[in-house]
Amino acid sequence: MSVEKVWLKSYPPDVPPEIDLAEFPSIVAVLEHSCERFRHRPAFSNMGRTLSYDDVDRISAQFASFLLNELKLKKGDRVAIMLPNLLQYPIAIFGALRARPFAPGPVARF
């Protein structure tokens, strides 16, 4: 049985109908790629304030550094984030994802 993908009709011409699932190894890689590619574009807006992808990159890296260097987050530790829908939420989520002390490579950049 074949399913007609009617939603594809609403896609802009430059949006592919399929994605390459192997293109990025992690959510963090998607975030870092997006921050690099869209550095000067708006990423999030809330209550009259807008963060660019550059802001998200820089501030989430600082939060990741705080988790690792000040709070001494280590492999096996858990991070709980309970925030309303404010600009601090994506920063905290992305920062926590970036604070992967058990992963190889750079942890946080400034």
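A quick note: this is a predicted structure, and the numbers were derived from the prediction, not measured.

Turning to the confidence of the model for the protein chain, a few remarks are in order. Model confidence for the protein chain is summarised by a mean pLDDT of 89, while 90% of its residues fall at 70 or above. Segment residues 106-110: pLDDT under 50, and 15 contacts once partners within four positions in sequence are set aside and those in other chains are kept.

On the surface, Val 6, Trp 7, Tyr 11 and Val 15 cluster together into a nonpolar patch covering about 360 Å² of accessible area. By relative accessible area, Tyr 11 is classed as partly exposed at 34%.

Take Ala 64: it is sitting in helix H2 (residues 53-70). Along the sequence, Ala 64 and Ala 96 sit 32 residues apart, while their C-alpha atoms lie 5.8 Å from each other.

Taking 1.5 Å per residue, 18 residues should reach 26 Å; H2 reaches 25 Å between its end C-alpha atoms and fits that length. Restricting attention to buried positions, one finds in H2 the residues Asp 55, Val 56, Asp 57, Ser 60, Ala 61, Ala 64, Ser 65, Leu 67 and Leu 68. Tucked inside the fold, the buried residues of H2 contact helix H1 (27-37), strand S1 (42-46), strand S2 (49-52) and helix H3 (88-98). Residue Lys 72 follows H2 closely and has a positive phi angle near 60°.

Leu 31, Cys 35, Leu 51, Val 56, Leu 87, Ile 91 and Phe 94 form the largest nonpolar core, which has seven residues in total. Going through the elements one at a time, H1 and H3 are the ones with two or more residues in this core. For Ile 91, the contacting residues outside a window of four places in its chain are Leu 51, Val 56, Ile 59, Ser 60 and Phe 63. Ranked by size, the runner-up nonpolar core spans six residues in total, among them Ala 64, Leu 68, Leu 73 and Ala 99.

Calculation rules
Residues numbered from 1 in each chain as written. Predicted model: local features only at pLDDT ≥ 70, side-chain atom pairs only at ≥ 80, totals over all residues. Heavy atoms only, no water. pLDDT = per-residue confidence, 0-100. Contact = heavy atoms within 4.5 Å. Patch = residues over 30% accessible without salt bridge, like charges linked within 9 Å, V, L, I, M, F, W, Y side chains within 5 Å. Areas by Shrake-Rupley, 256 points an atom, 1.4 Å probe, with all protein chains shown as cover. Salt bridge = Lys/Arg side-chain N within 4 Å of Asp/Glu carboxyl O. Buried < 20%, exposed > 50% of the residue type's maximum accessible area, 1.4 Å probe, protein only. Helix = DSSP H or I, 4+ residues; strand = E, 2+ residues; numbered from the N terminus. Expected span 1.5 Å × (residues − 1). Core = buried A, V, L, I, M, F, W, Y, C linked by side-chain atoms within 4.5 Å.

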